[in-house]
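Listed here are the chains, written in short residue letters.
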Amino acid sequence: MADAKSLLSLIARGYAAGREDAATEALCSIVSRSDSATRSLSEFLGDNGDPLPITSFGTQFFTAGAFPDMVCFDKDDKRVAFVESKFWATLTYHQPVTYWTKLADDRPAVLLFVAPAARMARIDKGWMWHQLVDRLNRAGHDLVSVDRRESEGLLTAMSEDGQRRLMLTSWNVLLDSLVERCKEDEDAQACFELAELRGLAVDAIKNDDPVRDANLKRLIDNAVTQLKESGWANTVGRGASKLEGVYYVKFFRLAGAAAGLRIDYKAKKKMNKPLWLRFWNGSNPSLQVSGEEVRARLGPLAEPGLEWLPKDICVPIDLPAGADCESTLKAIVAKLECIAETIDPNGPTYPRNPTTG
C-alpha cells in the first residue's frame, strides 16, 4: 500500500531532521506540475468561495532572516500565501509572527500551517493553535472571526484588516482535498505522487510522535538531566533498567527520596497512562526521605497508584495530548518539580552543579 510504505517515506526516514523539508519539496513539486492540485489548493486557501489567486510556487524563500517552507505567488509574482509543513517539531522563533508581518495587508493572503491532526486537539486550549494565536496576540496582531471547524479538520482566524488569514489544518485533510480534485480530473500522476507524500506524512507522524516508546525514553533521560541541573535530582550511582514489554525505568533520587521515572506498559494498555513516577516504600539509612514520609507528604497525589505495585508510591505523569517534544518535556519537568517541592519545601535539595551528578 503506497500510503503506508511509500518510496518517499523510506528515503526521508534516513533524514529525520529533514522530513518537513522533504514533505514541503514534494508538495511544492506536485502543485507546481498539476493544474488540478493548484486549483484545489487555491480553493482550499480561499475565503467564502473565492479561490486564492495562485499561479506559481517556491520553497525556502528568504524574508527577514527567515525561510518560509513554501510560498504561493499570484500572476504578478506577488506572494499571497506561506505554507508551513510541521510534524512534531517545535515552532521556530519566526513562526508565526515574522511570516505574518511579511504577508500583504491590502489584498487576501494566508499563512497556513499543516500538522498532525493530534496537534490540533482542543485539549489544553489546543496546543499548536493556542501557541500560534498567542504568539500573534503578544506581538500586537489581534485576530478576529475565529472559525473553529474541528470536525472538518480546519481552524482559521482573520486579521483585523480583514485581509490576512491564519489557517491550521491536518495533513490528511489537506491531502484528501488535493486527491479528490485530482481524481475528478483524472490526473493519475498527481494522485500517485500525493499517495507518496501521504506515506511520508503517515510515517513521520507515527515515528516522530513524542509519546512513541523510543522518543518517550529520550524525554525521560532529558527530564532527569534537567532536574539534576536544577538541583532537584541526584543521579550518582543510579542507572536505568528495563524488562521488555513490562517496564523501562530511569533511577534517581528526587528531593531526597529513591525514585524512578518509569514507562509502565501495563498501565499504558489498561489506562492509556504510560509514564509514572515511582517511589519505593520502606526505609533506607542513606535516604533523606523514606517511602513512608513520601506517602505522607504527597497525600492524595500518592493514590490510588498502580494495583500491581501496591507497596510503592506510583504517581501518573500526564502527557499533554498533541504537544511537540519541547512542550511535552516542559510538562514532565514541571510535574516532577511540583512533586519535588511537595516533598522538600525548602529545596532544591542538591547543589546546582550538573558535574557532581
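Structural notes, computed from the coordinates. Computed from a predicted model, the values in this text were never measured in an experiment. (Residues numbered from 1 in each chain as written. Predicted model: local features only at pLDDT ≥ 70, side-chain atom pairs only at ≥ 80, totals over all residues. Heavy atoms only, no water.)

What about unusual backbone geometry?
A cis amide bond links Glu303 with the next residue in sequence, Pro304, at an omega value of 0 degrees. Relative to the elements of secondary structure, Pro304 occurs in the loop between α10 (291-298) and β13 (313-316). In the segment running from Gly347 into Pro348, the intervening peptide bond is cis, with an omega of 10 degrees. Following the sequence through the fold, Pro348 ends up in the segment after α11 (325-343). One non-glycine residue, Ala255, lies in positive phi territory at about 50 degrees. Of note, Ala255 is situated in the loop between β10 (247-254) and β11 (257-264). Given the relative accessible area of 2%, Ala255 is considered buried. Its identity as a non-glycine residue notwithstanding, Asn272 has a phi of 55 degrees, on the positive side. For Asn272, a relative accessible area of 65% puts it in the exposed group. (Helix = DSSP H or I, 4+ residues; strand = E, 2+ residues; numbered from the N terminus. Buried < 20%, exposed > 50% of the residue type's maximum accessible area, 1.4 Å probe, protein only.)

A short note on the state of the cysteines
Summed over the entire model, instances satisfying the criterion amount to zero disulfides. With no disulfide of its own, Cys191 lies closest to Cys182 among cysteine sulfurs, the gap being 5.2 Å. (Disulfide = S-S within 2.5 Å.)

Observations concerning the layout of surface pockets
Quantified by volume, the largest pocket comes out at close to 320 Å³. Around the largest pocket, the lining comprises 17 residues; the ones closest to its centre are Val211, Asn272, Leu319, Pro320 and Ala321. (1 Å grid on protein atoms, 1.4 Å probe; cavity = no way out; pocket = protein on both sides within 12 Å on 5 of 7 lines; lining within 4 Å. Points joined across faces, edges and corners; volume = space filled by probe spheres on them.)

A look at the nonpolar core
One finds Leu41, Leu45, Met70, Cys72 and Leu197 to be the most contacted residues of the largest nonpolar core, which totals 38 residues. Looking at this core, the elements that each hand over two or more residues are α2 (19-33), α3 (35-44), β2 (70-73), β3 (79-85), β4 (109-115), α6 (171-184) and α7 (188-207). Top contributing element to this core by residue count: α7, with seven residues. Ignoring sequence-local partners within four residues, the contact set of Met70 consists of Thr24, Leu27, Cys28, Val31, Leu41, Phe57, Gly58, Thr59, Ala81, Phe82 and Val83. (Core = buried A, V, L, I, M, F, W, Y, C linked by side-chain atoms within 4.5 Å. Contact = heavy atoms within 4.5 Å.)

Focus: the packing of α2 against α7
If you want to describe how two helices pack, look at the angle between their axes and the distance between the axes. Remark: α2 packs on α7, axes separated minimally by 10 Å, with the N-to-C direction vectors making an angle of 160 degrees. Overall, the two elements α2 and α7 adopt an arrangement that is roughly antiparallel. The way α2 lies across α7 gives a crossing that is left-handed. Contact residues: Arg19, Ala22, Ala23, Ala26, Leu27, Ile30 and Arg33 in α2; Glu193, Leu194, Leu197, Leu200, Asp203 and Ala204 in α7. (Axes fitted to C-alpha atoms, helices over the stretch in contact; angles between N-to-C directions. Parallel < 35°, antiparallel > 145°, perpendicular 65-115°, else oblique. Left-handed = near helix turned anticlockwise from the far one by under 90°.)

Brief notes about the environment of Glu292
Positionally, Glu292 belongs in helix α10. Each C-alpha atom of the pair Glu292 and Ile313 lies 9.1 Å from the other, and the pair is 21 residues apart in sequence.

As for the side chain of Thr328
You can see Thr328 is positioned in helix α11. Relative accessible area serves as the criterion here: at 1%, Thr328 is assigned to the buried category. Polar side-chain contacts of Thr328 include one of 2.8 Å to the backbone oxygen of Asp324. Ignoring anything within four residues of it in the chain, the contact list for Thr328 reads Pro210, Leu219, Leu319, Pro320 and Ala323. (Polar contact = N/O pair within 3.5 Å; in protein donor to acceptor, adjacent residues only side chain to side chain.)

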